[in-house]
Amino acid sequence: MGRAALLPLLLVAAAGRAGVSAAGGPEVRSLRGSWWLANGNGSVVLRGEVPGCVHTALHRRGLIQDPYYRFNDVTYRWISLDNWTYSRTFKTPFDDRKWQKVNLVFEGVDTVAQILINNITLGRTDNMFNRYSFDITSVIKEVNFVEVRFFSAVSYAAEQSRCHKAYSIPPACPPPVQKGECHANFIRKEQCSFSWDWGPSFPTQGIWKDVRIEAYNHYHLIYFSLTSFFEKSAQQWSLEIESIFDVVSSKPIAGLVTVNIPKLQTQQTFSVKLQPGEGSVVLLVNINKSSTVEAWWPNGHGKQTGYNMTTTFIMEAGYQIEKSSKAYFRTVELVQEPIPGSPGLSFYFRINGRPIFIKGSNWIPADSFQDRVTYDTLWLLLKSAADANMNALRVWGGGVYEQDEFYDICDEIGIMIWQDFMFACALYPTDQYYLESVRAEVSHQVRRLKSHPSIILWSGNNENEAAIASNWFSIPYADREVYIKDYVMLYVKNIREIVLTEDKSRPFIASSPTNGLESVKEGWLSQNPYDTHYGDTHFYDYSNDCWNWTVYPKTRFASEYGFQSWPSFSTIEKVSSTEDWSYTSNFSLHRQHHENGNDQMLQQIGHHFKLPQSTDPIKKFKDMIYLTQVMQAQCIKTETEFYRFSQSEIIRGEGHTMGALYWQLNDIWQAPSWASLEYGGKWKLLHYFAQNFLAPLLPVAYEDKGVLYIYGVSDLHADHKLTLRVIVHTWSSLEPVCTLAKEGVTVKAQSAVPIYKESIDDLLERCRNCTRKSCVITFCLVGEGGLQSPTNHHFLSSLKDAVGLEKSHFSVSISHAKLLFFPFLCVCTHTFSDWQNGGPVCSHIWLPNCSFALLS
Ligand code: BMA
C-alpha cells in the first residue's frame, strides 16, 4: 500500500473541475442555455445564450449586423461601454435540505460583475481567467433568481488606472491606428480584446464558460491532475496524481484510493485521509517496470500514446468517485548550457531525452467572441498546423488560456505548447488586490492544464522584459527601479513561485523573449533580452529585403518573426462592399492595425515583383492581395530556412538555433495580418509554403558572396544516404537546361549539414545559355524506400527582372474531399509570369505545388 501526502491548501478562489461520481455523489444542475440580458437603462432587453457574450446575443437576435462587417468594430463601441445584466430563474432540481453544501460555480466570467442570487449579493468577479465558486447553501430556495450585473470592462480599466495614483503604468492607450480602448493592463481580461496590431477592439461582457449549481455532502473533488516523471538512475516512470478536495464534514474522512492502468499492468492502492476544508492529496504511482512504456512524442517524432487509467476513491463516509483519464509519459528539459566555441548558453528543448528542433508558429485567440470558437474551429486550425509539419505552437500572452479541447487536440496530434501567462506588451500593477487575483488565476490555470503532455513550458509574459530593458515607454532613468521591482514581484515572486509549487514537471521562463539563465543572473531583467547568445528572440524587419538572409539574427531560438499579408479576396468579400475593394480604400486602411502596414507590404513586394498594373480596379485589388501573400510566403520561407540551417553550426560565436516559431498561425478576424491561416481556417499561400519549408527532410539553399550552398536539414532520427538532385531551368521552357545528381550524400539525423557548394558563375557556365535572369534552380533529396524531400527552389534574380516568363495554360481541379475543408477553392490557372506581373488568373487560393508544376 502506498503513502499519501496530505497538504492543506490556501486558496484565494475555489477552483476546479468536477469529478465523476456514483450514487450519492454530487448533484449538478447546469445553468447553461437561455438567459435574459438587459443593458444599463433597460432600453435593450433580449434573450442570450450562456456561455456567450452580449455581442453574439445581439447579433443572433438580429439587433446588430455582423460585428466584423466593414467598420462595425467602431460603430458598435457602445456595446462595451454599456453595463449589461444577465439574469434567469431556475428551479432547484433537488431537495436542498439534503445537502451540506451547495455552490454556484462559474468556470469563467468576462469580467467585472456583481453576482446575486434571490437579491442577495454573493460576491464580485474581476478576472476572466479565474474560476469562481460561491457558497449558496443558506440562500438557495425552490425557485431562484440569479443575476450577473456587469460593469463595462473599459470603464473599469479606466477607473483602476485613475485610482493608481502613485505612478503611471504604461501604456495608457494603444496607438490610434488600432482604434482600441485604453488601460487594458489594469484589468485581468484578454488583453487583445482592447485591440491589437492585428485585431479589433471588442471588450466583451458575458458568462463565457460553463455555469452550474453543485450540491454535495461530505467531500467533493474539485481538481484532478496527472504529471509524469522519469527517474533516470532507476529507469523508472512514475505518475504524480493530485486531487484537490473540498471536505465539508467536520471530521477527517479516511478511505482508499486505487489507481489502475491495465495496459501497463500497474495497480496501486493508497490509504488517504481527507482533512476538513480544502486540501490536496498527492499520490505517487510507480509504473510496473516489466511493462514497456511508450512515451508521448511530438508530431514527426513518434506516436502520441496515452494509457487509459482509472482512479477510484472509496471513502468511509459517503460515495465513491471513479475518475477515468488518460495517462501520458513524456519528459521535457529546457537545456541552457555552454556551447563549445560560442559565448553564452544554449536554449533548446529535450523531449524524452532527445533534442528536438521546435518548428511552428504563434497562436492568438481564434475569435473576438470566444463562444464562437467550437471544437471544429480548433480542430481545423490545429490540424492545419500539424499538416504543415509543425510540432509546436506558442499560446501568446495577449489572448486567453485556451479551452480544454484545445490542449486535448494538441495532446492527440503532437503539437507542443509553449504556454505564456496572459500578460503582453505592457507594464502591470502589483498592488495586493491585483496580485491576489493573479495568484488565484495562476493556481487555477496550472491545475487545470498541467496534465497535458503537449504543454512543455510556462512563460511569464510576452515581451515585458524587453519592454523595460529597451525602455519602450520612455520611463525616466530615475524611475526605472520601481518598474523593475514590480516586474520581479509579479513574474518571479508570485507567478513563478506558484508555478514551481504547483507543477514540477516542466520548465518556467519569466518572459519571451528572454536570455533565460542570463536574465536570471542579471536580476531577471537582461540588458538586452534579444541577445543572440542566450534564450529566445523576437525579430521583425520590414524595410530590408527579406530574401537577404544576412539580415536575420543567428539566434539560439526564434520564437517570433514575421511579415504581413492580406487574406484572400473571398474572405475579405464577406465583410466588405464593392466600394471597399481597393488597396487604398478607407476600409483597407481601417482594417490595417499596424502603423504603415499596407505600405510596408508594398515596399517589400517592390524589392522583387512588379506591382499590379490592371486597369480593372477589382482585378488590381485581387492581384495586390495575391502579391502580398506571395511576398509573405517567400519572406517567411527564407527566414525559417535560415533558422533551420543554423541548427548545427556556430559562426562567429552565433548559431545552434533550435527553434523557429513564426508570427502568427491564425487570425481573429478578416484583416491584414502576419497569419498563415485566415479567419475561417483557409490556408494562405504561406501555409502551403510552410508545409514544405517545415518538412522533416529538406534541402535549403543560400548564396554567400556568389557561392551557392545547399544544406541538408533533417528532423529524422537516423542518418540517411541520399541523392541530391540540382536542376537548372530556364523560365521559358518546361525542359530542364541541366541536371546534376550527387549521390551518396549523407544527411545526418536531426541536424543541418552542408552538402553542396558551387559558385554561381561556374553553375551558369556549366548550364550554358543561362543567366541569373533567365534561369532558376530547383533541388531535392531522394533516398531509398520512398524517402524524398519536397522540391525547393532558389531564385537567381528578382522575379521582376526574370527573362522568358510566359503565361502558362494549365489548370487544376480540386477533388470533393478537399472541398470539404476548403469550400472556396476554385479551378485555378497560374504561371510564374503571374508572380511577376501581379496576380494569377484566379487568386482565391494557392494550390500545393501549383507553381512548381511548371518546373517538374
Ligand atoms: C509581437 C507580438 C505581438 C504582435 C506582433 C506583431 O510583438 O508579441 O504583440 O502582434 O509582434 O507586431
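Residues numbered from 1 in each chain as written. Predicted model: local features only at pLDDT ≥ 70, side-chain atom pairs only at ≥ 80, totals over all residues. Heavy atoms only, no water.

### So, the overall build of the chain
Per the secondary structure count, the chain includes 18 helices and 43 strands. Across its three principal directions, the C-alpha atoms of the chain cover 95 × 70 × 65 Å. Within the chain, the fraction of its 856 residues that count as buried is 62%. The long-range fraction of contacts in the chain, counting pairs at least 24 apart against all pairs at least 6 apart in sequence, stands at 71%. Just so you have it, the chain exposes about 31900 Å², and 51% of that area is on carbon and sulfur atoms. In the chain, the 77 positive side-chain charges and the 85 negative ones have mean positions that sit 3 Å from each other. (Helix = DSSP H or I, 4+ residues; strand = E, 2+ residues; numbered from the N terminus. Buried < 20%, exposed > 50% of the residue type's maximum accessible area, 1.4 Å probe, protein only. Contact = heavy atoms within 4.5 Å. Areas by Shrake-Rupley, 256 points an atom, 1.4 Å probe, with all protein chains shown as cover. Lys, Arg positive; Asp, Glu negative; His and termini not counted. Charge placed at Lys NZ, Arg CZ, Asp CG, Glu CD.)

### With respect to the site of the ligand
Around the ligand sit Trp196, Asp197, Trp198, Trp396, Cys425, Asn462, Glu463, Tyr540, Glu560, Trp663 and Trp674, and that is every residue in its neighbourhood. With respect to the ligand, the side chain of Trp396 contributes an N or O atom lying 3.1 Å from an oxygen atom. Taking 300 Å² as the accessible area of the ligand by itself, protein coverage stands at 91%. Of the pockets mapped on this structure, the ligand occupies the largest pocket. Here the residues of the shell around the ligand are counted per class, giving seven nonpolar, one polar and three charged. (Near = heavy atom within 4 Å. Polar contact = N/O pair within 3.5 Å; in protein donor to acceptor, adjacent residues only side chain to side chain. 1 Å grid on protein atoms, 1.4 Å probe; cavity = no way out; pocket = protein on both sides within 12 Å on 5 of 7 lines; lining within 4 Å. Sits in = over half its atoms within 2 Å of the grid points. Nonpolar A, V, L, I, M, F, W, Y, C, P; charged D, E, K, R; others polar.)

### Some points on the sheet that holds strand S7 (residues 101-106)
Strand order in the open sheet formed by four strands is S3-S16-S7-S11, with antiparallel pairing between adjacent strands. At either margin of the open sheet sits one strand with a lone partner, and together these are strand S3 (27-30) and strand S11 (132-135). In this sheet, adjacent strand axes meet at a mean angle of 20° when their direction is disregarded. Two strands pair when backbone bridges link them, and S3 and strand S16 (residues 211-216) are joined in this way by four bridges, in the antiparallel orientation. (Pairing = 2+ DSSP bridges. Axes fitted to C-alpha atoms, helices over the stretch in contact; angles between N-to-C directions.)

### What to know about the layout of surface pockets
Roughly 790 Å³ of volume is contained in the largest pocket. Every residue lining the largest pocket is counted, 38 residues in all, and those nearest its centre are Gln178, Trp196, Asp197, Cys425 and Trp472. Elements with a contribution of two residues or more to the lining of the largest pocket: strand S13 (194-196) and strand S32 (537-539). The leading source of residues in the lining of the largest pocket is S13, at three residues. Residues of the lining of the largest pocket, tallied by class, amount to 24 nonpolar, nine polar and five charged. (Points joined across faces, edges and corners; volume = space filled by probe spheres on them.)

### Description of empty space enclosed by the protein
Enumeration according to the criterion identifies eight cavities of 30 Å³ or more in this entry. Looking at the largest cavity, its volume works out to about 100 Å³. As for the largest cavity, its lining consists of 14 residues, of which Leu226, Thr227, Ser228, Tyr328 and Ser451 are closest to the centre. If one sorts the elements of the lining of the largest cavity by residue count, strand S17 (residues 219-231) sits on top with three residues. Grouping the constituent residues of the lining of the largest cavity by class yields five nonpolar, five polar and four charged. The computed volume of the second largest cavity comes to approximately 80 Å³. Taken together, Tyr167, Ile169, Ala426, Leu427, Tyr428, Asn464, Ile468, Tyr483, Asp486, Tyr487, Leu490 and Tyr491 make up the lining of the second largest cavity. For the lining of the second largest cavity, the elements supplying multiple residues, two or more each, are helix H8 (464-469) and helix H9 (480-502). Per-element accounting of the lining of the second largest cavity gives the leading share, five residues, to H9.

### A closer look at the pattern of salt bridges
For the coordinates displayed, the defined rule picks out 33 salt bridges. Residues Arg212 and Asp210 are paired through a salt bridge, measuring 2.6 Å at the closest nitrogen-oxygen approach. With respect to class, Arg212 is no different from Asp210; both count as buried. (Salt bridge = Lys/Arg side-chain N within 4 Å of Asp/Glu carboxyl O.)

### With respect to the nonpolar core
Nonpolar side chains in soluble globular proteins generally cluster together in the buried interior. In terms of nonpolar packing, the biggest core is built from 134 residues, with Trp363, Phe421 and Ile495 touching the most fellow members. Sort the elements by how many residues they give to this core and helix H14 (residues 617-645) lands first, with 13 residues. The contact partners of Ile495, leaving out residues within four places of it in the chain, are Phe421, Phe423, Val438, Val442, Leu490 and Phe508. Counting 50 residues, the second largest nonpolar core, distinct from the first, contains Ile241, Leu264, Val293 and Ile456. (Core = buried A, V, L, I, M, F, W, Y, C linked by side-chain atoms within 4.5 Å.)

### So, the UniProt feature "domain: Beta-mannosidase-like galactose-binding" (unreviewed entry) in the chain
According to UniProt, the positions carrying the feature "domain: Beta-mannosidase-like galactose-binding" (unreviewed entry) are residues 35-209. Secondary structure content for residues 35-209 is 15% helix and 32% strand, while the C-alpha to C-alpha distance between its ends is 14 Å. (UniProt positions renumbered as here; feature names shortened; annotations may be inferred.)

### Topic: unusual backbone geometry
What is expected of a backbone is that most residues other than glycine have negative phi and most peptide bonds are trans. Here Pro170 and Pro171 are connected by a cis peptide whose omega angle stands at 0°. Here Ser512 and Pro513 are connected by a cis peptide whose omega angle stands at 0°. Inspection of the secondary structure puts Pro513 in the loop between strand S31 (508-509) and helix H10 (517-521). Residues other than glycine seldom take positive phi values, yet Asn119 does so here, at roughly 65°. With respect to the secondary-structure elements, Asn119 resides in the loop between strand S9 (113-117) and strand S10 (120-125). According to the relative accessible area criterion, Asn119 is exposed, its value standing at 60%.

### Concerning the state of the cysteines
Defined simply, a disulfide is a covalent bond joining two cysteines at their sulfur atoms. Under the counting rule described, the total for this entry stands at four disulfides. Linked covalently through their sulfurs, Cys770 and Cys775 form a disulfide whose S-S length is 1.9 Å. Of note, the bridge from Cys770 to Cys775 carries an S-S torsion of about -90° and is left-handed in sense. On the basis of relative accessibility, which here comes to 1%, the residue Cys775 falls in the buried class. Numbered by order of appearance in the sequence, the disulfide-linked cysteines of the chain pair as 1-2, 3-4, 5-6, 7-8. Unpaired in this structure, Cys53 has its nearest cysteine sulfur neighbour in Cys192, at a distance of 13 Å. (Disulfide = S-S within 2.5 Å.)

### Quick look at the side chain of Lys359
In this fold, Lys359 is placed in strand S27 (residues 358-363). Residue Lys359 is classed as buried on the basis of its relative accessible area, which comes to 5%. Apart from residues lying up to four places away in sequence, Lys359 is in contact with Asn389, Met390, Asn391, Ala392, Arg644, Ala660, Leu661, Leu694, Ala695, Pro696 and Asp715.

### Examining the packing of helix H13 (residues 597-606) against H14
The interhelical angle for the contact between H13 and H14, taken along N-to-C directions, is 70°, at an axis separation of 10 Å. Accordingly, the angle class assigned to the pair H13 and H14 is roughly perpendicular. Crossing hand, H13 versus H14: left-handed. Contacts between H13 and H14 involve Met601, Leu602, Gln604 and Ile605 on the former and, on the latter, Met624, Leu627, Thr628, Met631 and Cys635. (Parallel < 35°, antiparallel > 145°, perpendicular 65-115°, else oblique. Left-handed = near helix turned anticlockwise from the far one by under 90°.)

### With respect to the sheet that holds strand S43 (residues 792-795)
With antiparallel pairing, four strands are arranged side by side in an open sheet as S40-S39-S42-S43. Every other strand in the sheet has two partners, leaving strand S40 (736-747) and S43 as the edge strands with one partner each. Ignoring strand direction, the axes of neighbouring strands in this sheet form an average angle of 20°. Pairing between strand S42 (residues 775-782) and S43: four bridges, direction antiparallel. Residue pairing across strands places Phe779 opposite Asn792, the latter belonging to S43.

### Quick word on the packing of aromatic side chains
Between two aromatic rings, the relevant description is the distance of the centres plus the angle of the planes. This structure, assessed with the given rule, holds 61 aromatic pairs. Relative to Phe557, the ring of Phe347 lies with its centre 5.7 Å away and its plane at 85°, an arrangement referred to as edge-to-face. Linking Phe347 in the loop between strand S24 (332-335) and strand S25 (348-351) with Phe557 in the loop between S32 and strand S33 (558-561), this pair joins segments that are 210 residues apart in sequence. By way of ring pairs, the aromatic residues Phe539, Trp549, Tyr552, Tyr561, Phe642, Tyr643, Phe645, Tyr702, Tyr709 and Tyr711 are connected into one cluster. Of note, Arg372 hangs over the ring of Tyr68, and the distance from its end group to the ring centre comes to 5.0 Å. (Phe/Tyr/Trp six-rings, centres within 6.5 Å; stacked < 30°, edge-to-face > 60°. Lys NZ or Arg CZ within 6 Å of the ring centre and 35° of its normal.)

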